[in-house]
Structure formats: C-alpha cells, structure tokens
Amino acid sequence: MLITLALGIAFLIPLVFLYFVKTRDLYATGKFPFVLVTIVWGLIAYLLAAQINPAIIQAEWATRQQVIRIVGPFVEELLKSLILIYLVRRADFNYVVDGAIYGFGAGIGFAIIENSEYIFGNP
C-alpha cells in the first residue's frame, strides 16, 4: 500500500506541476506533443545516465564519490538538455516559455523514473 502511495506521489506531483506550468503559458505557442516527447526523452536520459555513470567508475576515470558529486550531475543535465537543443533550433520555436516548459518536461521525465528507482530500491 505504501509503495503504491509513494509511486502515485512520484508520478502525480511532477505531472500536475507540468500541467500547471502549461496552463500558465499565456501565448500557448508550444505544442503538447513536444511536451510528451520531452518527458519520454527525460526517461531515456535517465536510462542513459544509469549506464554512463557506472561505466565511468568502472573505467576508473573517476571515483564513486566524484561521480556522485561532480560527474553524474553534469552527465545527467547534459543528457536532459539534448532534446532542448534540438527543439530550440527548430524554426517554429519562438518563445522562451516554450523552452522552459520543454525543460520541465525533460526534468519531470527524468524525475519520474529516478523517484521510482528510489522507491523500489528503498521500500
């Protein structure tokens, strides 16, 4: 029961926040399918980071503590931002708030799977 509640919180709070931000987009120039793409990309970015960070430790390029404190956050933010680089370069991107919404989408996709990992890793 507690795991179900925790998963509900892990999914609903980020999605409700994204919905709130989306409804405050006064000019509504962003496209909702792009928001969904950024959420999916956030999930993919997590899966990529989950492979890259241990590989860096395994290759002894950095210690575990260095990956946790320095390398990991850099890798994760870089991966999340790749979708934004693509979307911002599109000809139909013309409003900064769209970029913020897309950024929230990527971060929320990442957070959803990261929160799930924490929940299942520490029931």
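Structure shown above.
The notes below deal with the structure included here. Keep in mind it's a predicted model, so treat the numbers as computed, not measured. (Residues numbered from 1 in each chain as written. Predicted model: local features only at pLDDT ≥ 70, side-chain atom pairs only at ≥ 80, totals over all residues. Heavy atoms only, no water.)

What about the nonpolar core?
- Core analysis: the biggest nonpolar cluster contains 23 residues, and Leu18 and Val35 have the highest contact counts within it.
- Elements supplying a minimum of two residues to this core: helix H1 (2–23), helix H2 (32–58), helix H3 (64–88) and helix H4 (96–121).
- Once residues lying within four places of it in the same chain are set aside, the contact partners of Val35 are Leu18, Ile101 and Tyr102. (Core = buried A, V, L, I, M, F, W, Y, C linked by side-chain atoms within 4.5 Å. Buried < 20%, exposed > 50% of the residue type's maximum accessible area, 1.4 Å probe, protein only. Helix = DSSP H or I, 4+ residues; strand = E, 2+ residues; numbered from the N terminus. Contact = heavy atoms within 4.5 Å.)

Quick notes on a nonpolar patch on the surface
- Taken together, the side chains of Leu2, Leu5, Ile9 and Ile13 define a hydrophobic patch exposed on the protein surface, amounting to about 440 Å² of accessible area.
- Following the sequence through the fold, Leu2 ends up in helix H1.
- The exposed category is assigned to Leu2, whose relative accessible area is 69%. (Patch = residues over 30% accessible without salt bridge, like charges linked within 9 Å, V, L, I, M, F, W, Y side chains within 5 Å. Areas by Shrake-Rupley, 256 points an atom, 1.4 Å probe, with all protein chains shown as cover. Salt bridge = Lys/Arg side-chain N within 4 Å of Asp/Glu carboxyl O.)

A few points about the packing of aromatic side chains
- Per the counting criterion, the structure on display carries two aromatic pairs.
- An angle of 85° between the planes, with centres 6.1 Å apart, marks the rings of Phe34 and Tyr102 as edge-to-face. Here Phe34, found in helix H2, pairs with Tyr102, found in helix H4; they are 68 residues apart in sequence, far enough to count as distant.
- Taking the relative accessible area as the measure of exposure, Phe34 reaches 17% and is therefore buried.
- On the basis of relative accessibility, which here comes to 5%, the residue Tyr102 falls in the buried class.
- Aromatic side chains Tyr46 and Phe110 sit 5.3 Å apart centroid to centroid with 70° between the ring planes, which places their arrangement in the edge-to-face category. Of the two residues, Tyr46 sits in helix H2 while Phe110 sits in helix H4, which places them 64 residues apart along the sequence. (Phe/Tyr/Trp six-rings, centres within 6.5 Å; stacked < 30°, edge-to-face > 60°.)

Here we look at unusual backbone geometry
- Positive phi, close to 60°, is recorded for Glu60, a residue that is not glycine.
- By the secondary structure assignment, Glu60 is in the loop between H2 and H3.

Re the pattern of salt bridges
- Using the criterion set out here, one finds one salt bridge in the structure.
- In this structure, the salt-bridge partner of Glu77 is Lys80, at a minimum N-O distance of 2.9 Å. Placement of the pair is Glu77 and Lys80 together in helix H3, with a separation of three residues, close to one helical turn.

Some words on H3
- Relative to the 36 Å expected for 25 residues at 1.5 Å per residue, H3 spans 34 Å between its end C-alpha atoms, a close match to the ideal helical length.
- Of all bends in H3, the biggest is about 50°, found at Val71, and the proline Pro73 comes one to four residues later.
- Where H3 is buried, its residues contact H2 and H4. (Expected span 1.5 Å × (residues − 1). Bend = angle between axes of the 7 residues up to and from the residue.)

Digging into the side chain of Glu76
- Along the chain, Glu76 turns up in helix H3.
- The buried charged residue Glu76 lacks any salt bridge partner; its closest oppositely charged side chain belongs to Lys80, at an N-O distance of 5.7 Å.
- Each residue touching Glu76, except ones within four places of it in the same chain, is listed here: Ala49, Asn53 and Phe110. (Lys, Arg positive; Asp, Glu negative; His and termini not counted.)

Geometric descriptors of this kind do not, in isolation, establish any biological role.
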